[in-house]
Amino acid sequence: MATIKLEIVTAEQQIFSDEVDSILAPGIDGELGILPHHAPLMTMLQPGELVIRKGGEESDFAVTGGFLEVLPDKVIILADACERSDAIDTARAEAAMKRAEEQLKATGPGLPEDHARAEASLRRALARLKVASKARRKQQRPPLNQQQQQS
Amino acid sequence: MISTRILRRRIRSVQSTAKITRAMEMIATAKMKRAQEQAVCGRPYSDKISQLITDLAAIQGTGNVLHPLMMQRDVKKIAVIHITSDKGLCGGLNSNVNRLTGTFILSQQIPVTLVAIGKKGRDFMMRARRDVKAEFTKLGDHPKLFDILPISRIVMDDYSAGRVDKVYIAYSKFVSTMTQQPVMEQLLPAEIKASENKEKISDYIFEPNSDFVLGELIPRYVDTKIYHAILESIASEQSARMVAMRNATDNAQDVLQELTLVLNKARQEAITNELLDINGGLAVLQ
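Residues numbered from 1 in each chain as written. Chains lettered and ligands numbered in written order. Predicted model: local features only at pLDDT ≥ 70, side-chain atom pairs only at ≥ 80, totals over all residues. Heavy atoms only, no water.

**Student:** Now, about the overall build of chain A: what can you tell me, with residues and values included?
**Tutor:** For chain A, the helix and strand inventory stands at three helices and 10 strands. In chain A, the succession of α and β elements from N to C terminus is β-β-β-β-β-β-β-β-β-β-α-α-α. Based on the C-alpha atoms only, the size of chain A along its principal axes is roughly 55 × 40 × 25 Å. Across chain A, every contact between residues at least 6 apart in sequence was considered, and the portion connecting residues at least 24 apart equals 51%. For chain A, the exposed surface amounts to about 8200 Å²; the carbon and sulfur share of it is 50%. Within chain A, the 23 negative side-chain charges are centred at a point lying 5 Å from the centre of the 19 positive side-chain charges. (Helix = DSSP H or I, 4+ residues; strand = E, 2+ residues; numbered from the N terminus. Contact = heavy atoms within 4.5 Å. Areas by Shrake-Rupley, 256 points an atom, 1.4 Å probe, with all protein chains shown as cover. Lys, Arg positive; Asp, Glu negative; His and termini not counted. Charge placed at Lys NZ, Arg CZ, Asp CG, Glu CD.)

Structural data, given as structure tokens:
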């Protein structure tokens with residue numbers, strides 16, 4: 001089966017670089033599935049979950065926004081911040097969520113910029129929490145793929 | 001003749017200075033490794049972003065309205081982001097950057113405002129009574145991209161509002177452990193180099209559209225450029241300090257050797273004198 005090279009980089013470090021089977025990314029206009037031989041594409045990402053499949057195994061990442069570029073030979077994700085599901089600091093994300101919620105309540109219509117910023121940070125926190133909780137559920141249960149393969 | 005007591009005291013003081021400089025050298029070595037790594041790790045991202053902007057600007061063509069941060073204007077006011085370290089004891093590193101920015105300011109006919117990052121540069125510019133518009137200190141040894149966002153925000157706001165018409169960034173580029181070079185680069189308006197692969201990118205799909213993507217890319221380009229300059233400065237600072245402290249330790253050893261020699265001579269002399277006294281006393285008694 002054809003594979004595609006994926007690179008995830010943030011301003012601070014390179015997070016991932018490997019051949020993968022498919023990528024599921026949170027594009028700004030909706031979820032985006034990328035298989036090998038995808039047409040060249042350039043899109044913004046929104047805070048959400050990034051799923052990478054490789055040989056029947058899935059890895060989840062939380063991204064908080066950035067860019068995705070599909071080139072003929074590889075896919076590059078320039079993430080603002082990106083963490084593997086097991087590296088997410090849940091406590092910090094929860095604290096960020098609470099803070100953002102409070103800010104949302106506190107900022108009235110008079111401060112549209114602050115409101116937007118609070119909303120954006122809330123979305124980032126929620127994306128992290130979602131990916132983290134999914135990873136926990138997966139640990140408790142045997143991987144879905146194996147069950148399917150057996151049946 | 002200097003008394004041996006004073007000599008001993010001086011030797012002890014030089015010894016403890018050497019201990020401190022050696023410890024500082026080792027700390028700087030450890031920090032330098034991490035700072036260098038961090039500077040290298042960020043490189044793929046900033047390379048990629050500059051390349052994307054180049055490609056995008058090329059397909060946008062000249063007819064289109066450029067992004068506000070790329071617009072060239074008549075230069076009436078200049079801003080310089082002046083990056084130095086918070087701490088001293090790192091050789092000529094900070095003075096080199098200070099001199100570079102200083103000569104630049106003096107050579108300009110138009111007013112120059114400053115955004116000072118790092119205590120040393122801020123103090124220098126305040127002493128010289130320059131217009132320091134904003135200052136950022138205590139960024140630490142491993143700043144995150146998040147920490148520097150306020151800096152780029154100030155600069156971008158000023159530029160879009162037309163308060164400044166050109167922005168430069170001055171920092172010490174990390175060339176190698178032994179060499180750090182003070183450099184000054186243009187940050188805004190974002191310069192576009194000629195793109196080679198215009199064909200390649202022209203049949204891209206853009207979501208939502210290329211203008212929007214470019215508009216989002218440019219602020220990030222500015223962020224990373226500043227972030228990267230700060231990382232380079234930190235790597236430079238640590239390696240400069242390491243070299244400076246190694247020299248200081250070596251010098252202290254030299255001084256110690258000389259002092260020990262003088263002390264030994266003084267001690268021998270004192271013993272000889274004492275012996276002479278005793279002999280003299282004996283001779284008188286006999």
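**Student:** Pulling in residues and values, what's your account of the pairing of strand β3 (residues 22–27) of chain A?
**Tutor:** All names here are of chain A. For β3, the buried fraction is high: five of the six residues fall into the buried class. In terms of strand pairing, β3 meets strand β6 (residues 48–54) through three bridges, oriented antiparallel. If you follow Ser22 over to β6, its bridge partner there is Arg53. In this sheet, strand β4 (residues 30–34) lies alongside β3 in antiparallel orientation, the contact comprising five bridges. Across the sheet, the residue bridging to Gly27 is Gly30, located in β4. In this structure, the hairpin formed by β3 and β4 is closed by a connection of two residues. (Buried < 20%, exposed > 50% of the residue type's maximum accessible area, 1.4 Å probe, protein only. Pairing = 2+ DSSP bridges.)

**Student:** Explain a nonpolar patch on the surface residue by residue, including any values.
**Tutor:** Together, B:Ile271, B:Leu275, B:Ile278, B:Leu282 and B:Leu285 give the surface a local cluster of nonpolar side chains, amounting to about 520 Å² of exposed area. With respect to the secondary-structure elements, B:Leu275 resides in helix α7 (residues 210–285). (Patch = residues over 30% accessible without salt bridge, like charges linked within 9 Å, V, L, I, M, F, W, Y side chains within 5 Å. Salt bridge = Lys/Arg side-chain N within 4 Å of Asp/Glu carboxyl O.)

**Student:** Kindly report on the sheet that holds strand β1 (residues 78–83) of chain B, identifying the contributing residues and their values.
**Tutor:** Sheet strands line up and pair through hydrogen bonds in the backbone, either parallel or antiparallel. All names here are of chain B. The mixed open sheet is built from five strands, whose spatial order is β3-β2-β1-β4-β5. Whereas interior strands pair on both sides, the edge strands pair on one side only; in this sheet they are β3 (131–136) and β5 (180–188). Pairs of neighbouring strands in the sheet enclose a mean axial angle of 20°, with direction left out of account. In the sheet, β1 pairs with strand β4 (residues 166–174) via five bridges, with the strands oriented parallel. (Axes fitted to C-alpha atoms, helices over the stretch in contact; angles between N-to-C directions.)

**Student:** Got a sec to walk through helix α1 (residues 4–41) of chain B? Specific residues and values, please.
**Tutor:** An ideal rise of 1.5 Å per residue puts 56 Å on 38 residues; α1(B) measures up with 55 Å between its terminal C-alpha atoms. Turning to α1(B), its buried residues number three or more, namely B:Leu7, B:Ile11, B:Val14, B:Ala18, B:Thr21, B:Glu25, B:Ala28, B:Met32, B:Ala35, B:Gln38 and B:Ala39. (Expected span 1.5 Å × (residues − 1).)

**Student:** Before we move on, can you summarise the packing of aromatic side chains with the specific residues and values?
**Tutor:** All names here are of chain A. Evaluated as defined, the whole model comprises two aromatic pairs over all chains. When the ring of Phe16 is compared with that of Phe61, the centres are 5.7 Å apart and the planes differ by 80°; the resulting orientation is edge-to-face. Taken together, the positions of Phe16 in strand β2 (residues 14–20) and Phe61 in strand β7 (residues 57–63) put the pair 45 residues apart, joining distant regions of the chain. A relative accessible area of 10% places Phe16 in the buried class. The class of Phe61 is buried, set by a relative accessible area of 1%. (Phe/Tyr/Trp six-rings, centres within 6.5 Å; stacked < 30°, edge-to-face > 60°.)

**Student:** So what's going on with the interface of chain B and chain A? Which residues, and what values?
**Tutor:** Many structure descriptions define interface size as the accessible area lost when the parts assemble. Counting residues at the interface gives 24 residues for chain B, matched by 26 residues for chain A. Each partner contributes to the roughly 2200 Å² buried at the junction of chain B and chain A, and carbon and sulfur atoms together form 63% of this total. Summed over the three residues of chain B that lose the most area to chain A, namely B:Tyr45, B:Tyr204 and B:Glu207, the buried surface amounts to 29% of that side. Residues B:Arg220 and A:Asp80 are paired through a salt bridge, measuring 2.6 Å at the closest nitrogen-oxygen approach. Taken together, the connections running from chain B to chain A amount to two residue pairs in polar contact (both at pLDDT 80 or more). Elements represented by at least two residues in the side of chain B that touches chain A include exactly α1, α2 (43–60), α5 (145–160), β6 (205–207) and α7 of chain B. (Buried area = accessible area lost by both parts, 1.4 Å probe. Polar contact = N/O pair within 3.5 Å; in protein donor to acceptor, adjacent residues only side chain to side chain.)

**Student:** Would you mind going over a positive patch on the surface in detail, with residue names and values included?
**Tutor:** All names here are of chain B. A cluster of basic side chains, namely Arg5, Arg8, Arg9, Arg12 and Arg267, defines a positive patch on the protein surface. In terms of residues, the positive patch owes the most to one element, α1, which gives four residues. Topologically, Arg5 is positioned in helix α1. Its relative accessible area of 58% is what places Arg5 among the exposed residues.

**Student:** Describe the nonpolar core, naming the residues involved and giving the relevant values.
**Tutor:** Membership of the largest hydrophobic core comes to 55 residues, with the highest contact counts inside it found for B:Ile81, B:Val167, B:Leu188 and B:Ile226. Residues in contact with B:Ile81, not counting those within four places in the same chain, are B:Val115, B:Ile117, B:Val155, B:Val167, B:Tyr168, B:Ile169, B:Ala170, B:Leu187 and B:Ile226. By size, the runner-up hydrophobic cluster in this structure holds 21 residues, among which are A:Ile52, A:Phe61, A:Val70 and A:Ile77. (Core = buried A, V, L, I, M, F, W, Y, C linked by side-chain atoms within 4.5 Å.)

**Student:** Account for the side chain of A:Ser85, naming residues and giving values.
**Tutor:** Relative to the assigned elements, A:Ser85 resides in the loop between β10 (82–84) and α1 (90–106). Other than its neighbours up to four places away in sequence, A:Ser85 contacts A:Asp60, A:Phe61, A:Val131, A:Ala132 and A:Ala135.

**Student:** Can you break down the pattern of salt bridges residue by residue, with the values?
**Tutor:** All names here are of chain A. Summed over all chains, the structure comprises 21 salt bridges over all chains. One salt bridge connects Glu49 with Lys130, and the closest N-O pair in it is separated by 3.7 Å. Here Lys130 lies in helix α2 (residues 112–140) and Glu49 lies in strand β6, a separation of 81 residues in the sequence. Accessibility expressed as a relative area gives 13% for Glu49, which makes it buried. A salt bridge links Glu49 to Lys134, with the nearest nitrogen and oxygen atoms 2.7 Å apart. Residue Glu49 is located in strand β6, and its partner Lys134 is located in helix α2; the two are separated by 85 residues in the primary sequence. Lys134 gets classed as partly exposed once you look at its relative accessible area, which sits at 23%. By sharing partners, the salt bridges in this structure join Glu49, Asp60, Lys130 and Lys134 into a single network.

Read these as geometric descriptors, not functional statements.
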